[in-house]
Amino acid sequence: MARALLLQPYGATIRAASSTETQYDGVPEVKLSDPTRNYRVLVLGGTGRVGGSTATALAKLCPKLKILVGGRNREKGEAMVAKLGENSEFAQVDINDAKMLETSLRDVDLVVHAAGPFQQAPRCTVLEAAIKTKTAYVDVCDDTSYAFRAKSLQAEAIAANIPAITTAGIYPGVSNVIAAEMVAAARSEDKGKPEKLRFSYYTAGTGGAGPTILATSFLLLGEEVTAYKQGEKVKLRPYSGMMSVDFGKGIRKRDVYLLNLPEVRSTHEILGVPTVSARFGTAPFFWNWGMEIMTKLLPPEVLRDKTKVQQMVDLFDPVVRAMDGFAGERVSMRVDLECSDGRTTVGLFSHKSLSV
């Protein structure tokens, strides 16, 4: 018997909005624990689409927060500040400059690290600086190596007495919470053990995120996929193992392909599910074909080279942006759980706008 768990995000049933400002109308304002204190949040990558969307959401959900838009481009930063309003300012920050990072974090209550891509980063420079300055930390990392490197700093974060959360974006992030909720519910019924988890993701075009998600996708094509089958780790070719998955109303069936994503290892190790895999697909359909061809024609070392990948991003970006205008930025996550007694549960989350 199959059950469905439908998660409806804020804004999902609100009429079509002409601007981001109306997307948060139905969400209550977040109250600060100490209204007399001037809380400051630094959003790194705040001039990009992911970080900019984060800063916009924070400003709407909690207007009393002081938002620092962190980035390297002052012109873009000041444009974002103008959009956010008077309770924001630009901070010029290079995440590869340790001293600049530590200086930027000195008077900050929370740093949100959205300056991707996280693939092929040799160190967790922002987290290390947050620990040194005792600043609360959260990131939207989507890379397995980076995520587990961050987790290796757990003892240091505890010693500094700071909360630090990695992989807290939409996927991985919300997808992990869906999986954990489903596994917990299955175990509470005590009818069969969770045996298989399958993550499936869909984003139309780049979801409006532009060059960053394009670079992330290319870099992931250079990583061998880790999956788990009946408790055993298996290695698979990236963007292989195509499946057709139904994402429900507004999206329907889409082809998705294997990628090396951190939630596979974490749900296997933490939730104890023996078989786990993750797949991703996009639209228009020929982008999937293009990425599949890239994994066959280009050596992995080329796809793991950030400089070469950035050159490819610069080449493809104008075409991708043009196609994004037609593709839109719908996003959907589907999590399938199978139990030993034959029961299956489906968790589904969809939204018309990835940036929201």
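Small disclaimer: the values here were computed from a predicted structure and weren't measured.

Caption draft 1: Highlighting the packing of helix H5 (residues 144-151) against helix H9 (residues 262-271). At their nearest, the axes of H5 and H9 sit 8 Å apart, and the two run at 50° to each other. When the axis of H5 is compared with that of H9, the two are oblique. The segment H5 lies against H9, with Thr144, Ala147, Phe148 and Lys151 engaging Pro262, Arg265, Ser266 and Glu269. Across the contact of H5 with H9, the residue classes tally to three nonpolar, two polar and three charged.

Caption draft 2: How the structure looks around the sheet that holds strand E4 (residues 88-92). Ordered by their spatial adjacency, six strands build an open sheet running E4-E3-E2-E5-E6-E7, and the pairing between neighbours is parallel. The open sheet has two edge strands with one neighbour each: E4 and strand E7 (164-165). By the bridge criterion, four bridges tie strand E5 (residues 110-113) to strand E6 (residues 136-139) in an arrangement that is parallel. By the bridge assignment for E6, Leu110 is matched with Ala136.

Caption draft 3: Here's a closer look at the packing of aromatic side chains. Counted under the stated rule, the structure contains ten aromatic pairs. Aromatic side chains Tyr171 and Tyr201 sit 4.2 Å apart centroid to centroid with 10° between the ring planes, which places their arrangement in the stacked category. Taken as a pair, Tyr171 in the loop between E7 and helix H7 (174-189) and Tyr201 in strand E8 (residues 194-204) lie far apart in primary sequence, 30 residues in all. Tyr201 sits in the buried class, given a relative accessible area of 0%.

Caption draft 4: Expanded view of the environment of Glu292. With respect to the element layout, Glu292 can be found in helix H10 (residues 285-297). Note on Glu292: relative accessible area 21%, which makes it partly exposed. Along the primary structure Glu292 and Tyr239 are separated by 53 residues, whereas in three dimensions their C-alpha atoms are 5.6 Å apart.

Caption draft 5: The arrangement of the UniProt feature "domain: Saccharopine dehydrogenase NADP binding" (unreviewed entry) in the chain in detail. UniProt records the feature "domain: Saccharopine dehydrogenase NADP binding" (unreviewed entry) at residues 41-160, using the numbering of this structure. Helix makes up 46% of residues 41-160 and strand 19%, with an end-to-end C-alpha separation of 19 Å.

Calculation criteria
Residues numbered from 1 in each chain as written. Predicted model: local features only at pLDDT ≥ 70, side-chain atom pairs only at ≥ 80, totals over all residues. Heavy atoms only, no water. Axes fitted to C-alpha atoms, helices over the stretch in contact; angles between N-to-C directions. Helix = DSSP H or I, 4+ residues; strand = E, 2+ residues; numbered from the N terminus. Parallel < 35°, antiparallel > 145°, perpendicular 65-115°, else oblique. Contact = heavy atoms within 4.5 Å. Nonpolar A, V, L, I, M, F, W, Y, C, P; charged D, E, K, R; others polar. Pairing = 2+ DSSP bridges. Phe/Tyr/Trp six-rings, centres within 6.5 Å; stacked < 30°, edge-to-face > 60°. Buried < 20%, exposed > 50% of the residue type's maximum accessible area, 1.4 Å probe, protein only. UniProt positions renumbered as here; feature names shortened; annotations may be inferred.

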